[in-house]
Amino acid sequence: MDRALAPSVQTNRRRRQWLLGLGALALAVAGWWGLRKALQPSLRRADVLTARVETGDVEAALTAAGTIIPAHEAVIASPIASTIRRVAVAVGAQVMPGQTILELDKEASQGALARLDDEQLRNQNKNDQLRLALEGHLNDLGAQAASQAVKVRSLQSTLRDEQHLLEIGGGTAEAVRQAELNLAVARLEADRLARQLANQRRASAADVRELGYTVSMQQRSIAELAGKLRQADISSPQPGVLTWVNDNLGAAVPAGEPLARVADLSRFRVRATLSDAYAGQLHPGDPVVVRANGTDLRGTVASISPAVDKGVVTFYAQLANDHAPALRANLRADVFVITRAHPHVLRIKNGPSTRVGRSRRCLWCRAARPCEKWCASATATSITCR
């Protein structure tokens, strides 16, 4: 006959079932955790770099430091050695052609011009005196030559008479020879006077020309100094903005020293410097990219300085859009001289895995240098598949 189990036995049996269920659950959790641990990747998600591949141009370029400068800037120099008397226009003001910017003291130059005028009058007086003296000398020589010519004709007549007397027996051979000798001497004297007169005329003409040259040079000096005096009121040669002026009133300035600069700020160009190690890769006409205020502007290399100064080469770039709003005078800019370009290729932005350098590895084959499938631009901005 069946008997009912004791309550303690039933309690032990239920406890055993619960313990087995909990053990199985703990074993399943431990297995799941161990399997998850075993299947966890060795790389962290933060260590994996991704980038979007796009189609575009890849350009190899040389990086240079540039400065934005006005396309046209006029430097106004002092025409005379003087002192600054007055500044009429402040820096930054708009100026028009012919507008006075600065005035110089002209008293010393005006005194020099007056002395030149006096010397010119004296030279002209000397010229007149020389002409009169030369004309008098030439007149004397001309009169002597004319008198000698008359004497020659008289001796010719005497010779003919002596020859006629000798023929009719009324004269002697000695008288004929004496008449011939007198005529020969007179002719020689006439020739000498004629040559002396011709030489004196040439010498007189040379003296007159020399004094004329002196007068002409003096006149040019007077005209040049007068022109410089007219320019002593420094004015603008072109419309633009006054970017600099020497405003030290009373300061002495020698002739040729810059006094002001007027620039046309509606057009700009770029002056850039590059290490002379890359001078062989720089050529006129090379395309450039100028980055100013976050704006990229295209242009070309216009000219290259032939001299190297302190290890750098200076060149100038002409911009296609030389009036862009981002351009400002004396603004610093990055200049990229493009030496090679691949248009319409697949590229990704440069990053820690694609940075150009000796330690960069190719993303395709992990080679230490770019392989045939991948190449990077020298601008360190992108990497692309060929």
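Definitions and limits used
- Residues numbered from 1 in each chain as written.
- Predicted model: local features only at pLDDT ≥ 70, side-chain atom pairs only at ≥ 80, totals over all residues.
- Heavy atoms only, no water.
- Helix = DSSP H or I, 4+ residues; strand = E, 2+ residues; numbered from the N terminus.
- Buried < 20%, exposed > 50% of the residue type's maximum accessible area, 1.4 Å probe, protein only.
- Phe/Tyr/Trp six-rings, centres within 6.5 Å; stacked < 30°, edge-to-face > 60°.
- Lys NZ or Arg CZ within 6 Å of the ring centre and 35° of its normal.
- Pairing = 2+ DSSP bridges.
- pLDDT = per-residue confidence, 0-100.
- Contact = heavy atoms within 4.5 Å.
- Salt bridge = Lys/Arg side-chain N within 4 Å of Asp/Glu carboxyl O.
- Core = buried A, V, L, I, M, F, W, Y, C linked by side-chain atoms within 4.5 Å.
- Patch = residues over 30% accessible without salt bridge, like charges linked within 9 Å, V, L, I, M, F, W, Y side chains within 5 Å.
- Areas by Shrake-Rupley, 256 points an atom, 1.4 Å probe, with all protein chains shown as cover.

Peer 1: Please set out the overall build of the chain residue by residue, giving values where relevant.
Peer 2: Of the regular secondary structure elements, the chain holds three helices and 14 strands. Of all 386 residues assigned to the chain, the portion counted as buried reaches 29%.

Peer 1: Which residues make up unusual backbone geometry, and what values do they have?
Peer 2: Among all residues except glycine, the phi angle is most often negative; among peptide bonds, the trans geometry is most common. In the Ramachandran plot, Asn-293 falls in the positive-phi region, its phi being about 55° despite a non-glycine side chain. Its place among the elements puts Asn-293 in the loop between strand 9 (287–292) and strand 10 (295–309). Even without being a glycine, His-344 presents a positive backbone phi close to 55°. Residue class for His-344 comes out exposed when judged on its relative accessible area of 66%.

Peer 1: Please give an account of the packing of aromatic side chains that cites residues and values.
Peer 2: All told, the structure shown has zero aromatic pairs when counted by the stated rule. Of note, Arg-261 hangs over the ring of Trp-244, and the distance from its end group to the ring centre comes to 5.2 Å.

Peer 1: An account of the environment of Asp-191 is needed here, citing residue identities and associated values.
Peer 2: Position of Asp-191 among the secondary structure elements: in helix 3 (residues 173–230). Note on Asp-191: relative accessible area 42%, which makes it partly exposed. Spatially, the C-alpha atoms of Asp-191 and Ala-145 are 8.5 Å apart, while their sequence positions differ by 46 residues.

Peer 1: If you had to explain the pairing of strand 2 (residues 82–87) to someone new, which residues and values would you point to?
Peer 2: The sheet contact formed by strand 2 and strand 7 (residues 252–253) spans two bridges and is antiparallel. Within strand 7, the position partnered with Ser-82 by the bridge is Val-253. Bridge analysis of strand 2 against strand 4 (residues 100–104) gives three bridges, and the strand direction is antiparallel. By the bridge assignment, Ile-84 is partnered in strand 4 with Leu-104.

Peer 1: Lay out the confidence of the model for the chain with the relevant residues and their values.
Peer 2: Averaged over every residue, the pLDDT of the chain is 76; the share at 70 or more is 84%. Mean pLDDT values over the elements of the chain span from 38, in strand 14 (residues 382–385), up to 91, in strand 11 (residues 312–319). Counted against residues more than four places away or in other chains, residues 354–386, with its pLDDT under 50, gives 71 contacts.

Peer 1: With reference to specific residues and values, describe the pattern of salt bridges.
Peer 2: The tally for this structure, following the rule as stated, stands at three salt bridges. Among the ionic pairs, Arg-347 bridges to Glu-54, the shortest N-O distance being 3.1 Å. Here Arg-347 is found in strand 12 (residues 332–349), whereas its partner Glu-54 is found in strand 1 (residues 54–77), with 293 residues between them in sequence. For Arg-347, a relative accessible area of 23% corresponds to the partly exposed category. On the basis of relative accessible area, Glu-54 is assigned to the partly exposed category, the value being 36%. Across the pair Arg-267 and Asp-322 runs a salt bridge, and its minimum N-O distance is 3.5 Å. You can see Arg-267 sitting in strand 8 (residues 258–275) and its partner Asp-322 sitting in the loop between strand 11 and strand 12, a full 55 residues away along the chain. A residue is classified by how much of its surface remains accessible, and Arg-267, at 34% relative accessible area, is partly exposed.

Peer 1: Just give me the short version of the sheet that holds strand 2, but keep the residues and values in it.
Peer 2: Strand order across the open sheet formed by four strands is 5-4-2-7, with antiparallel pairing between neighbours. The open sheet has two edge strands with one neighbour each: strand 5 (233–235) and strand 7.

Peer 1: Tell me about the side chain of Asp-322, and name the residues and values.
Peer 2: The exposure class of Asp-322 is buried, given its relative accessible area of 13%. Not counting residues within four places of it along the chain, the set of residues in contact with Asp-322 comprises Ser-266, Arg-267, Phe-268 and Leu-327.

Peer 1: Go over the nonpolar core with me, naming the residues and quoting the values.
Peer 2: Core analysis: the largest hydrophobic core is formed by 23 residues, its most contacted members being Ile-68, Val-290, Phe-315, Val-335 and Val-337. Looking at this core, the elements with two or more residues in it are strand 1, strand 8, strand 9, strand 10, strand 11 and strand 12. Apart from the residues lying within four places of it in its own chain, the contact partners of Phe-315 are Ala-64, Val-270, Arg-271, Ala-272, Thr-273, Leu-274, Leu-282, Val-301, Ser-303, Ile-304, Val-335 and Val-337. Within the second largest apolar cluster, 22 residues are counted, among which are Ile-80, Leu-104, Leu-242 and Val-253.

Peer 1: Please give an account of the environment of Ala-317 that cites residues and values.
Peer 2: With respect to the element layout, Ala-317 can be found in strand 11. Put simply, Ala-317 and Val-301 are 16 residues apart on the chain and 4.4 Å apart in space, counted from C-alpha to C-alpha. Leave out the neighbours within four places in its chain, and Ala-317 touches Arg-269, Val-270, Val-288, Thr-300, Val-301 and Ala-302.

Peer 1: Outline a nonpolar patch on the surface, listing residues and values.
Peer 2: A grouping of Leu-19, Leu-22, Leu-25 and Val-29 is seen on the molecular surface, where their side chains present a nonpolar patch of about 400 Å² in accessible area. Looking at the element boundaries, Leu-25 is found in helix 1 (residues 7–38). The exposure class of Leu-25 is exposed, given its relative accessible area of 53%.

Peer 1: Go over the pairing of strand 6 (residues 240–245), please, and point to the residues and values.
Peer 2: As paired strands, strand 3 (residues 94–95) and strand 6 are joined by two bridges and run antiparallel to one another. Bridged to Val-95 within strand 6 is Gly-240. Alignment of strand 6 against strand 8, held across four bridges, turns out to be antiparallel. Following the sheet pairing, Trp-244 is matched in strand 8 by Arg-261.

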